[in-house]
Amino acid sequence: MSVTAQNPAAAGAHAPSPVLPVEPEAGTRRLNTAKALQEAIGSQMEANPEVFVMGEDVGAYGGIFSSTTGLLDRFGPQRVIDTPISETAFIGLGIGAAVEGMRPIVELMFVDFFGVCMDQIYNHMAKIHYESGGNVRVPMVLMTATGGGYSDGAQHSQSLWGTFAHLPGMKVVVPSTPYDAKGLMTAAIQSDDPVVYMFHKGVMGLPWMAKNKRSIGAVPEQDYIVPIGKARVAREGTDVSIVTLSLSVHHSLDVAEKLEGEGISVEVLDLRSVVPLDREAIVATAAKTGRVIVVDEDYQSFGLSGEIAATLAENAASRGAAFSRVCVPDVPIPYARDLEYAVLPTPARIEAAVRAAVAG
Amino acid sequence: MTIQHAAAPTGLAAAERVELLRTMILIRAFEEAILRDYHADKKPAWDIGAGLIPGEMHLSAGQEPVAAGICAHLTANDAVTATHRPHHLAIAHGMDLNRLAAEIYGRETGLGRGRGGHMHLFDPDTHFSCSGIIAEGYPPALGQAFAFQRRGTDRVAVAVTGEGAANQGGFHESLNLAALWKLPVVFVVEDNDWGISVPRKASTSVASNADRAAGYGMPGVRVEGNDVEAIHAAAGEAVARARSGQGPTLLEVHTLRLWGHFEGDAQGYRPELAEVPEHDPIPAYIKALTDDGALDASAVDGYRAEAVQKVEDALAFAKSSPTPKPEEALRYVFVEGA
């Protein structure tokens, strides 16, 4: 088992983590998010033989959303491992390998599928470190695709990060850009905690899906870390703050650019991590603009947007800031395109919320 | 201690047979002491959360032969994943009694610094873990076996469930995957006839879970009689098979739940309850060893006294250990300093 101070001899399986730069300059090389993700995994696999990738269709297929393309050719089937469609077994396998000091990256295609193996995730992966009083670590990355927008229906389009954030013991990261995708994946692999790494299909820059221009961006060739738990001001503004994450960052920036011409100055905060949540950054942007809109592709009630509202209410610096939210209104994601886009946090809904905020 | 040198019919030397007995006696001594302290301060109004040992308590009396017979083949480098009823396996696998007891008493010196409790024991020293969710200890055992296999060792993982868990998805997924990848796992089903209050016949479509092994392309063995030496023999083959890279085995043992599902369970659902003590495997084994001349009956009291002393020392350690500080309840959710 992977352990801390009480049994240092058994901790030898951990390779020391090289010290990597934190958020270096982006440079000029441009990649889509999927390639940035593949690059982080490949580089960490080269650096540490204990890192391996496992999941459904991660091998020859390269991941249904291209998260592992090319890795099988580089590392072979001993380290890029296709599994049976037995999520409880292979996620639990990842947990057991992690407690023995390996560093598994386990992909479960869609977050919607986590229900079939939820026990392994929230009762085991997330709790072993606590139940062991800190004596056993589970350095595992659980990677999955989230989000809707392409008529895949109610069981293939959810975001659900709030669900995992609600259950203690796992870090939850949700990149929006190629730069962050690489840096957060590198941080996740090197983390001694279990990390749920959620990428929205719409940020990957996939050729078979409508692409936002921001799904391709500058990514350094070197390895680096984007710290887990640190939000990023994606755009400075003074009139209203949009606090958001994932594909909604792209939409929010598009809206902010459009409204700039009308003299409306929008600040966009990209949370990047749901656990830990950068509450200081949320309070700071609220204190700056006095108006907060949370844009969240997860369900509205009992989730991230409510948590952000509570954070604002509990903190003197941001108390009294105007607040509204643009979320999925507590309905399963519909199939028909017109219905789906009626409930997703589209640029049109975000724009309307900004106009209402500055008018109020 | 007096040990005769006659070999047992199973091929075990007298000393090995006595060692199996002593393991069982130690486990029983431990659980009798826990039973005593668990109930001691819950009266007059029985309150599950009160007392020196709060919470649910699942004791394994009657199932000692499974733990002793299997763990005799293991070293601390091998992994064991157990169920919500874990003490017999933990002790037979060599867990430190002090830290086990301290965890049960909810003390800072316990395996989990009082964060886990008796259903959630994690011991890096013996690669032991358990789960309060049925069948869900099987998948992590796959991962430990995977790590052992990838590192080119001959270490094995033993995954234990009850017979009720053999109807869970995690059980079947794990058997398939372990057989597919020839993982060094021994799957063990402790069939004590009862899934809490539901008899096996009302929950399981086959007479023997060992038959299910055929569906996954692995050997299946059922051991009747709660006989530690028969279990030892079957486990020996299964462990050797796993160590030599031939993959998993499913081993079902028909054992006995001597006491309730949990302490406080009056077992009104159990028609054979009056006869249960007659089937206690420990007196039966003492008699068998004595009849064979492998054991001098007068030595048993000494083994018991020695076991009780070890247990009382562990309990004294636990009870004299500090309780965790309330202000530290939030520690260990994540790795500190990471």
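All values derive from a computational prediction rather than experimental measurement.

Counting secondary structure elements, chain A contains 12 helices and 14 strands. Residue burial in chain A is summarised as follows: out of 360 residues, 64% are buried. When contacts within chain A are restricted to residue pairs at least 6 apart in sequence, those whose partners lie at least 24 apart make up 82%. For chain A, the exposed area adds up to about 12400 Å²; of that, 55% sits on carbon and sulfur atoms. Between the mean site of the 27 positive side-chain charges and the mean site of the 40 negative ones, chain A shows a separation of 5 Å.

All names here are of chain B. For the pair helix α4 (residues 97–104) and helix α9 (residues 298–320), the least separation of the axes is 8 Å and the interaxial angle reads 50°. What the angle tells us is that α4 and α9 run oblique. For the crossing formed where α4 meets α9, the hand is right-handed. Contacts between α4 and α9 pair Leu97, Asn98, Ala101 and Ala102 from the former with Lys310, Asp313, Ala314, Leu315, Phe317 and Ala318 from the latter. Classifying every residue of the contact of α4 with α9 by side-chain character gives 7 nonpolar, 1 polar and 2 charged.

Below, the discussion takes up the interface of chain A and chain B. Listed as interface residues are 48 residues of chain A and, on the opposing side, 42 residues of chain B. Together chain A and chain B conceal approximately 3600 Å² of surface at their shared face, both sides included; 62% is due to carbon and sulfur atoms. Summed over the shared surface of chain A and chain B, the result is 2 salt bridges. Arg151(B) is the salt-bridge partner of Glu50(A), the closest N and O atoms lying 3.2 Å from each other. There are 20 residue pairs in polar contact (both at pLDDT 80 or more) connecting chain A and chain B.

Quick look at the side chain of Ser215(A) now. Residues and elements named next belong to chain A. Among the secondary structure elements, Ser215 is positioned in the loop between β7 (195–200) and β8 (216–218). A polar atom in the side chain of Ser215 sits 2.7 Å from the backbone oxygen of Asn212. Setting aside residues no more than four positions away along its own chain, Ser215 makes contact with Leu31, Asn32, Thr33, Pro178, Gly202, Val203, Met204, Gly205 and His250.

In this section: the nonpolar core. Of all hydrophobic cores here, the largest spans 79 residues; its most connected members are Ile91(A), Ile121(A), Phe164(A) and Phe187(B). With 8 residues, helix α3 (residues 87–99) of chain A is the largest single contributor of residues to this core. Once you skip the residues sitting within four places of it in the chain, Ile121(A) turns out to touch Ile91(A), Phe114(A), Ala126(A), Leu142(A), Phe164(A) and Met170(A). If you look at the next biggest cluster of nonpolar residues, it comprises 74 residues, including Leu12(B), Leu97(B), Cys130(B) and Ile282(B).

Under the feature "domain: Dehydrogenase E1 component" (unreviewed entry), the UniProt entry names residues 46–327 of chain B. As annotated, residues 46–327 of chain B has a helix share of 35% and a strand share of 13%, and its two end C-alpha atoms lie 29 Å apart.

Following the sequence through the fold, Ser131(B) ends up in the loop between β3 (128–130) and α5 (138–150). Within the structure, the side chain of Ser131(B) is placed 3.0 Å from the backbone nitrogen of Ile133(B), a separation counted as a polar contact. Setting aside anything within four residues of it in sequence, one finds Ser131(B) in contact with His124(A), Ala82(B), Thr83(B), His84(B), Met119(B), Glu136(B) and Gly137(B).

Between α3(A) and α5(B), the least distance of the axes is 6 Å, while the angle of their chain directions is 50°. On the basis of the axis angle, α3(A) is oblique to α5(B). Classified by chirality, the crossing of α5(B) by α3(A) is right-handed. On the side of α3(A), the interface is formed by Thr88(A), Ala89(A), Gly92(A), Leu93(A), Gly96(A), Ala97(A) and Val99(A), while α5(B) contributes Pro139(B), Pro140(B), Leu142(B), Gly143(B), Gln144(B), Phe146(B) and Ala147(B). Here the contact of α3(A) with α5(B) is built from residues that sort into 9 nonpolar, 5 polar and no charged.

Right, let's talk about the confidence of the model for chain A for a bit. Within chain A, residue pLDDT values average 95, and 95% of them lie at 70 or more. Long-range and interchain partners of residues 4–13 of chain A, a stretch whose pLDDT sits below 50, account for 15 contacts in this model, where long-range means more than four residues apart.

With that out of the way, let us pick up the packing of aromatic side chains. Per the stated rule, a full pass over the model turns up 12 aromatic pairs over all chains. For the cation-ring pair, Lys171(A) lies above Phe334(B), with the distance from its terminal atom to the ring centre recorded as 5.1 Å. The lysine or arginine in question, Lys42(B), covers the ring of Tyr38(B), its NZ or CZ lying 3.7 Å from the ring centre.

Another aspect to go through is the sheet that holds strand β6 (residues 171–173) of chain A. Residue and element names in this part refer to chain A. Pairing is mixed across the open sheet formed by 7 strands, whose spatial order is β3-β2-β4-β5-β7-β6-β12. One side of each edge strand has no neighbouring strand; the edge strands of this open sheet are β3 (80–82) and β12 (273–275). Across this sheet, the average inter-strand angle for adjacent strands is 20°, counted without regard to direction. Judged from the 2 bridges that link them, β6 and β12 form a sheet pairing that is antiparallel. In the strand pairing of β12, Val172 is matched with Val275.

Further remarks concern the sheet that holds strand β8 (residues 220–223) of chain B. Residue and element names in this part refer to chain B. Strand order in the open sheet made by the 7 strands is β2-β3-β1-β4-β5-β9-β8, with mixed pairing throughout. The sheet terminates laterally at β2 (122–123) and β8, the two strands that pair on one side only. Along the sheet face, helix α2 (residues 64–71) touches β4 (157–162), β5 (185–191) and β9 (249–254) and points at about 165° away from the line of β5.

Residue and element names in this part refer to chain B. Of all 7 residues in β5, 7 are buried, a share of seventy percent or more. On β5, burial covers both faces: Val185, Phe187, Val189 and Asp191 on one face and Val186, Val188 and Glu190 on the other are all buried. In this region the chain leaves β4, passes through helix α6 (residues 169–180) and returns to the parallel neighbour β5; the handedness of that crossover is right-handed. In the sheet, β5 pairs with β9 via 6 bridges, with the strands oriented parallel.

Those residues carrying the UniProt feature "domain: Transketolase-like pyrimidine-binding" (unreviewed entry) are residues 31–206 of chain A in this numbering. Within the segment residues 31–206 of chain A, helix and strand shares are 36% and 19% respectively, and the terminal C-alpha atoms sit 11 Å apart.

Residues and elements named next belong to chain A. A full pass over the atoms with the stated rule returns 44 salt bridges over all chains. Across the pair Lys171 and Asp193 runs a salt bridge, and its minimum N-O distance is 3.1 Å. In this pair, Lys171 is assigned in strand β6 and Asp193 in the loop between α7 (178–190) and β7, connecting sequence segments 22 residues apart. Across the pair, Asp193 and Lys171 agree in class, each one buried. Between Glu257 and Arg214 there is a salt bridge; the shortest N-O distance is 3.0 Å. Taken together, the residues Glu257 in helix α8 (residues 247–260) and Arg214 in the loop between β7 and β8 connect sequence positions 43 residues apart. For Arg214, a relative accessible area of 17% gives the class buried.

Cut-off values and rules
- Residues numbered from 1 in each chain as written.
- Chains lettered and ligands numbered in written order.
- Predicted model: local features only at pLDDT ≥ 70, side-chain atom pairs only at ≥ 80, totals over all residues.
- Heavy atoms only, no water.
- Helix = DSSP H or I, 4+ residues; strand = E, 2+ residues; numbered from the N terminus.
- Buried < 20%, exposed > 50% of the residue type's maximum accessible area, 1.4 Å probe, protein only.
- Contact = heavy atoms within 4.5 Å.
- Areas by Shrake-Rupley, 256 points an atom, 1.4 Å probe, with all protein chains shown as cover.
- Lys, Arg positive; Asp, Glu negative; His and termini not counted.
- Charge placed at Lys NZ, Arg CZ, Asp CG, Glu CD.
- Axes fitted to C-alpha atoms, helices over the stretch in contact; angles between N-to-C directions.
- Parallel < 35°, antiparallel > 145°, perpendicular 65-115°, else oblique.
- Left-handed = near helix turned anticlockwise from the far one by under 90°.
- Nonpolar A, V, L, I, M, F, W, Y, C, P; charged D, E, K, R; others polar.
- Buried area = accessible area lost by both parts, 1.4 Å probe.
- Salt bridge = Lys/Arg side-chain N within 4 Å of Asp/Glu carboxyl O.
- Polar contact = N/O pair within 3.5 Å; in protein donor to acceptor, adjacent residues only side chain to side chain.
- Core = buried A, V, L, I, M, F, W, Y, C linked by side-chain atoms within 4.5 Å.
- UniProt positions renumbered as here; feature names shortened; annotations may be inferred.
- pLDDT = per-residue confidence, 0-100.
- Phe/Tyr/Trp six-rings, centres within 6.5 Å; stacked < 30°, edge-to-face > 60°.
- Lys NZ or Arg CZ within 6 Å of the ring centre and 35° of its normal.
- Pairing = 2+ DSSP bridges.
- Right-handed = clockwise from strand over helix to strand, strands pointing away.

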